[in-house]
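Residue-level structure breakdown
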Amino acid sequence: MKRLIGLFVGLFIALLITFFAGENPFHIFSILIKSAFGSMYDLGLTLSYTTPLIFCGLSVAVSFHAGLFNVGAEGQLTMAAITAAAVGILFPQVPFPFAPILAFTAALFVGGFWGFIPGWLRAVRGSHEVIITIMLNFIAAGTANWLALKVIPNLNSQNPETAMVSNNYLFKDYDLIARIFPDTPANASFGVAIFIAVLMWIIIWKTTFGFELRAMGANSEAAQRAGISKNKILVLSMIISGMLAGGVALSEVLGSAGQYRVGFSPDYGFIGIAVALLANNNPIGVIFAAFLMGALHKGAADLDMETTTITRDFSRIIQAFIILGVAGQAYWEHLRTSRIRKN
Amino acid sequence: MNGNPIIEFQGVSISFGDISANSEVSFSVSAGTIHGIIGENGAGKSTAMNILFGLYLADQGKVLIKGKPVRFQSSIDAMNEKIGMVHQHFMLAETLTALDNILLYQKGSAFSILRRDEQKKHLEAIAKRFGFEIDFDAKISELSVGAQQRLEILKILSQDSEILILDEPTAVLTPQEVQDLFCNLQKLKSEGKTILIITHKLKEVMSLTDSVTVFRAGKVITTKVTSESNLAELAELMVGHRLVTPQERSTAADSSQTVLRVSNLNAQMNSSKIHDINFHVHGKEIVGIAGVEGNGQDILVRSLIDKQGLNKKNFSGEVSVSGTMVSFPEDRLRFGCLPSRPVWENFFLGQQGLAKFNWGPFIRKTEILKSTKRAIENYDIRPTNEFLPFEKLSGGNQQKLVVARALSQNPHFILAAQPTRGVDIGAIHFIHNELRAARDHGAGVLLISSELDELMTLSDRILVLYKGRFIAEFHRENFSEITIGAAMGGVEVITKNAEFL
Amino acid sequence: MVKNILTTLLALLISSLFSSQSFSGVLRVGLVLDKGGKDDKSFNSAAYAGATKAEKELKIELKYVEATDTNAIESLLRNFARKNYDLVIGVGFAEKDSMSKVAPQFPNVKFAIIDGEVSKPNVRSLMFAEHEGAFIVGALAAMATKTEHVGFVGGMDIPLIRRFSMGYSAGAKYIKPKINVSENYVGVTGEAWNNPAKSKELAITQYGNGADVIFVAAGASNTGVFDAAEDKKKLAIGCDSNQNWIKPGFILTSMFKAVDVAVFDTIKDAQQNKFTGGLVQFGLKNLGVNYTSDKYNEKLLTAEMRTKIEEIKKKIILGQIQVPDYFKRK
């Protein structure tokens, strides 16, 4: 809840800047609100941004709990998404209920593997996960591009994207959420994301494994003294983190597009960091934080259309200020607690 | 009280949030004396000194220096009033030379050009006058702890300070170095300086100070002339009740059982090494390891607890523990707890594998809470709130929890590394008694401590670790502060019954 | 004082809530630019220039947006349509799929797309014969080179850009059959349109390998090649817009695509109720593609080159020269 203060401070500064740019800040604010929740169509789009942000926020939050900083959610989701598309294209004959499950499982597996690499390197070689995950982001982008453009390209389009997955892999016909929000990419994976968030909450707070993971994050040396295997936690938490980011494959490939499009993600993996911060790494909080950031992302896109001075780049500035507000609040709190600790 | 008060506290109060750290603190210090500030951890003595040094601003009350009220906004104001402070943790730049570290401290050094040779000559003169001679061209990392401390004091003296505040200055020194320090402090006193020394070691207070102010729970209990008081009285004033020392042990070591056996142990980690370590611990026995910090204690602890974590290349020898083992970490905040997590989770830490606290993959929180509450009650941990973040507890209560956690598992072997570091007298007493009780129930204890007093009260045998080797062994009947202290300083003592030699 | 501020703010708030769109009967045009953005000095800039010209001269209401990511395009197009804009123009092939999805849902809204073909009754597809223009500048490059080596730097490696490349090398070989043509692409994703650092690197490599004229078709990445030309004192050829002014003396010419004209004409047709769906082709014949000549490059293009190139243009228009088209390759 405390993070909301940072959010509002950031929003306030951002609106103040629009005022100096010659816009009426209340007007800007009302556009943001209307654009996010104004109609079923707008809400659907907001939800379609929310879903991948829940997955990425969870991914970052879990790694934070273990004392790791997963900056690689972007790479993990990219690998997972291209995997889901590849399975859907290469095995078109798999019958319906199994097909999406197979593709999703494969996506989670590859996402998890992409998280496993930095976790394993950290455990065995002591390489810092931030550096490794950043590098893996580039490798993932390159690999996915190569697969999408050279191995399974969409020959009917000049867009950089894969061919469509077989129809057996799409669950649109059974998708209630997609029916509520027609013409938008919102789909049932929103429900899946919420379910997984609740599941992660249980795992983190109610299980022994979750306790070990948090202990490692709170004080790795003490956790090791208490008989918790550092390497096991490092590797497992990064695998889980990667799998969570891989969940994006469900919402983006299997749920809506039906194909992998190069550049489909507006840096979900990085916005996920802000989501996790905003939620204070609480999995349930991640749902709401993702919704907020999703609404903001959607609203910012519309500012470009609705106003004369606020362009695409300006709306990024607004987003940046809000993230800065949240991060600043977190940092301030950190400073305050560490000062109390000193006393 | 003779002479003019150079420092006067008049009803000074300060609080952090809900916690009142100092309330209505009033006392005065005469010029040209050594004044002890004693109290348990969290009694508010450091807070009061930090106010004096300008690190905190008092909420209420007045501080007078030479009868003139002052209100320091920062330590720079305090330095201008010729007050200097040596912190418990030295504020030195490791990679620079001693001279550079002093020059860094000079007023306006950021913008002015200082003549190094002149400054050096000037400083050497000061050093000579007060007997704080050090090698000004040596790098800090090459200086001994005692020399570093002399440097810290010299930093203050170079500013012509008249009032020196020393925060727990003896915690890191060998007995010999302590003697040297006290000698020098007496010399400073004779030069007319006023010295405030924060400590919880009453013996030092008795031997060094002229007068002493006792803090308890944020308040000043009394100020006494040292020569008119005695150890027992001061201890009682500090703790607030009489301390009961238990009778000497009634049981003998159970030599039929060996709970720990270490043979031919060689290990290395970073810069610390141990060589040819051989010893054992019997049941119902407390074996103490004495030694100045940095002589291989850390690697010894690592070898016993977590030898898998060490590089195989750097480890050879045999360590065998029979039965269950628990350990008190030498640095509880670093190795023993999750500072930001609640008390109950910290109690659970290390016991997370026990069947009684688990139900499949889930934790049984109600069970854990029940056990935590019991431990809080039995060990008198305050405040009695199992949901409070661990770091909000005072040092003594933190350590009590760590001890409670370890001993509630009824272990066969207890590795107690610095079990009472930074803990107040009441808690020290309590923890010592718990260790004795565990011993009497059959456990073997390996006690690693930098407090010679503690080792001598508890141990049946004391081994002295110096530069990674055991250089002496003492049995209880031969315990003597002088010989053990000498051994800690590297003087080899040939003892008749040194079984390991 | 505080009271005054509060009341002002309140008034602003209320007015903002009730502020309404103008319904003045003015033609409302929405322009969805590609990722490169309106300042790419190239393709998107040209479209934007055409639209702003229409805004001034035809008194229409213009609103433009720039896509932030690939997924945003569809919602941007849909948003314009939902707000009952009269004409929605999509710039770039990347908008083709989205437009073919959105256009049928809004039969009353007119759509236009540049560089893509969408066969829907309310969509006008504006296609350019890039290969013809590229052939012309290829011939010019071959005439200007002293090392018998010319280069091509494409943006994203896609058929559209291959079409440029194929025409260009055919034009160069038409003049000097033994000429050496290097060919590189900035990337394979949308980022390639916006990566001048990479295109500069490619250009420097090509210049280093002996090329002395480089034709670049890479949107906002073009400027990187121009920088390289200036650094290495070599020549470059611009693309889409007339880019001669960016580095005078180092840009031989630009292969001009009349995107601005196409956009302007489409808006004009819509205003005069002459808008029709279907495919509109722009080639050498109707000056939809051309090379540019102005005060910035008059010293670089000799009279001899000009006469020769006009001859070639005529031959292409008359069909005497067959320019190979990547889209129609076997």
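Since the structure is predicted, the reported quantities are computational estimates derived from the model, not experimental observations. Residue positions are counted from 1 within each chain, in the order its sequence is given. Lettering of chains starts at A and numbering of ligands starts at 1, both following the order in which they are written. Per-residue local features of the predicted model are confined to residues with pLDDT of at least 70, and side-chain atom pairs are confined, for both listing and counting, to 80 or more; whole-chain, interface and lining totals are unaffected and use all residues.

Time to look at the overall build of chain A. Only DSSP runs of H or I reaching four residues or more are called helices, and only runs of E reaching two or more are called strands; each is numbered from the N terminus. Check the secondary structure of chain A and you find 15 helices and zero strands. On C-alpha atoms alone, chain A measures out to a radius of gyration of 20 Å, which is about the 20 Å that the 2.2 N^0.38 rule sets for 343 residues. Considering only C-alpha atoms, chain A reaches an extent of 65 × 55 × 35 Å along its principal axes. For every residue pair, C-beta atoms are placed from the backbone, and the pair is scored as a contact if these atoms sit within 7 Å. Considering only contacts within chain A whose residues lie at least 6 apart along the sequence, 76% involve residues at least 24 apart. Computation of the radius of gyration draws on C-alpha atoms alone. For the globule rule, the value is 2.2 Å times the number of residues to the power 0.38.

Moving on: the interface of chain A and chain B. Counting from both sides, the interface comprises 18 residues of chain A and, opposite them, 24 residues of chain B. For the side of chain A that touches chain B, the elements supplying multiple residues, two or more each, are α9 (208–218), α10 (220–225) and α15 (312–342) of chain A. Top element by residues in the side of chain A that touches chain B is α9 of chain A. It accounts for six residues. For this scheme, ten residues count as nonpolar: Ala, Val, Leu, Ile, Met, Phe, Trp, Tyr, Cys and Pro. Four count as charged, namely Asp, Glu, Lys and Arg, and the remainder, Gly too, count as polar. Among the residues making up the side of chain A that touches chain B, the classes are represented as seven nonpolar, six polar and five charged.

Right, let's get into the nonpolar core. Take the buried Ala, Val, Leu, Ile, Met, Phe, Trp, Tyr and Cys residues, join any whose C-beta atoms are within 7 Å, and the set you get is a nonpolar core. The burial criterion counts other C-beta atoms lying within 10 Å of a residue's C-beta, which is placed from the backbone; the residue is buried at 20 or more, exposed at 12 or fewer, and partly exposed between these limits. Ranked by internal contacts, the top residues of the largest apolar core, which has 347 residues, are Val 275 of chain A together with Ile 214 of chain C. For this core, the element with the highest residue contribution is helix α14 (residues 283–306) of chain A, accounting for 13 residues.

Before going further, it helps to spend a moment on α9 of chain A. The buried count for α9 of chain A comes to ten of eleven residues, which makes it a mostly enclosed element. Those residues of α9 of chain A lying buried are Phe 209, Gly 210, Phe 211, Glu 212, Leu 213, Arg 214, Ala 215, Met 216, Gly 217 and Ala 218 of chain A. In this structure, the buried residues of α9 of chain A make contact with α3 (40–65), α8 (189–206), α10 and α11 (230–246) of chain A together with α11 (343–348) and β17 (362–363) of chain B.

Our next topic: the interface of chain A and chain C. Opposite the 23 residues of chain A that make contact, chain C presents 26 residues. Grouping the amino acids of the side of chain A that touches chain C by side-chain chemistry returns nine nonpolar, nine polar and five charged.

As a further point, take the pairing of strand β10 (residues 251–257) of chain C. Residue and element names in this part refer to chain C. A large share of β10 lies buried, amounting to seven of its seven residues. Direction of pairing for strand β9 (residues 235–240) relative to β10: parallel, over a ladder of five bridges. The residue of β10 that forms the bridge with Gly 238 is Ser 254. The criterion for strand pairing is that DSSP finds at least two bridges linking the strands in question. Bridge analysis of β10 against strand β12 (residues 289–291) gives three bridges, and the strand direction is antiparallel. Paired with Met 255 across the strands is Tyr 291, a residue of β12.

Here we come to helix α1 (residues 45–52) of chain B. All names here are of chain B. A large share of α1 lies buried, amounting to eight of its eight residues. Within α1, burial applies to Lys 45, Ser 46, Thr 47, Ala 48, Met 49, Asn 50, Ile 51 and Leu 52. Trailing α1 by a residue or two, Gly 54 shows a phi angle of about 85°, which is positive.

Let's shift gears to unusual backbone geometry. Residue and element names in this part refer to chain B. Positive phi is not limited to glycine here, since Asn 264 has a value of about 50°. Given 11 C-beta atoms within 10 Å, Asn 264 falls into the exposed group. Despite not being glycine, Asp 380 has its phi angle at roughly 55°, a positive value. Mapped onto the elements, Asp 380 comes out in the loop between α12 (365–378) and α13 (395–407).

Residue and element names in this part refer to chain A. With respect to the helices, strands and loops of the structure, Ala 144 is situated in helix α6 (residues 129–151). Distance in space between the C-alpha atoms of Ala 144 and Lys 232 is 29 Å, their sequence separation being 88 residues. If sequence neighbours within four positions are ignored, Ala 144 has contacts with Thr 78, Met 79, Ile 82 and Tyr 260.

All names here are of chain A. An axis is simply a line fitted to the C-alpha atoms; with a helix, the fit covers only the stretch in contact. Between two such axes, the angle follows the N-to-C directions and lies from 0 to 180 degrees. Relative to each other, helix α5 (residues 98–125) and α11 sit at 150°, their axes nearing to 6 Å. As far as their axial angle goes, α11 and α5 are roughly antiparallel. The interaxial crossing formed by α5 with α11 has right-handed handedness. Considering only residue class, the contact of α5 with α11 consists of 15 nonpolar, nine polar and one charged. Orientation labels follow simple angle bins: below 35 degrees gives roughly parallel, above 145 gives roughly antiparallel, 65 to 115 gives roughly perpendicular, and whatever is left gives oblique. For any helix crossing, the convention is left-handed if the near helix is rotated counterclockwise from the far helix by under a right angle, and right-handed if that rotation is clockwise.

Now for the sheet that holds strand β4 (residues 110–114) of chain C. All names here are of chain C. Spatially, the six strands line up as an open sheet ordered β2-β1-β3-β4-β5-β11, and their pairing is parallel. Unpaired on one side and paired on the other, β2 (61–66) and β11 (278–282) mark the two borders of the sheet. With direction set aside, neighbouring strand axes in the sheet form an average angle of 20°.

Another aspect to go through is the pairing of strand β8 (residues 194–199) of chain B. All names here are of chain B. Extensive coverage of β8 is indicated by the burial of six of its six residues. Going residue by residue along β8, you find Thr 194, Leu 196 and Ile 198 tucked away on one face and Ile 195, Ile 197 and Thr 199 tucked away on the opposite face as well. Pairing between strand β3 (residues 34–39) and β8: five bridges, direction parallel. Bridge pairing links Ile 37 to Ile 198 in β8. As defined by bridge partners, strand β7 (residues 163–167) adjoins β8 across five bridges and the pair is classed as parallel.

All names here are of chain B. Confidence scores here are pLDDT values: one per residue, from the predictor, ranging 0 to 100. A residue-level look at chain B finds 91% of positions with pLDDT of 70 or above and a mean pLDDT of 82. Here helix α16 (residues 481–488) stands out as the least confident element of chain B, with mean pLDDT 77; strand β19 (residues 444–448) is the most confident, with 92. Confidence over residues 495–501 falls short of pLDDT 50; this stretch has ten contacts with residues more than four positions distant or in other chains. Predicted complex, confidence summary: ipTM 0.81, pTM 0.76.

Another point: the sheet that holds strand β13 (residues 286–290) of chain B. Residue and element names in this part refer to chain B. Taken together, the six strands give an open sheet; going across it, the order is β15-β18-β19-β13-β20-β21, and neighbouring strands pair in mixed fashion. Every interior strand has two partners, whereas the edge strands, β15 (325–328) and β21 (469–475), have only one. Between one strand axis and the next, the sheet turns by 15° as a mean value, whatever way the strands run. Note that β13 and β19 share four bridges and pair parallel. Its bridge partner being in β19, Ile 286 is matched across the sheet by Val 445. Strands β15 and β18 (413–417) of the sheet are contacted by α13, whose axis makes an angle of about 175° with β15.

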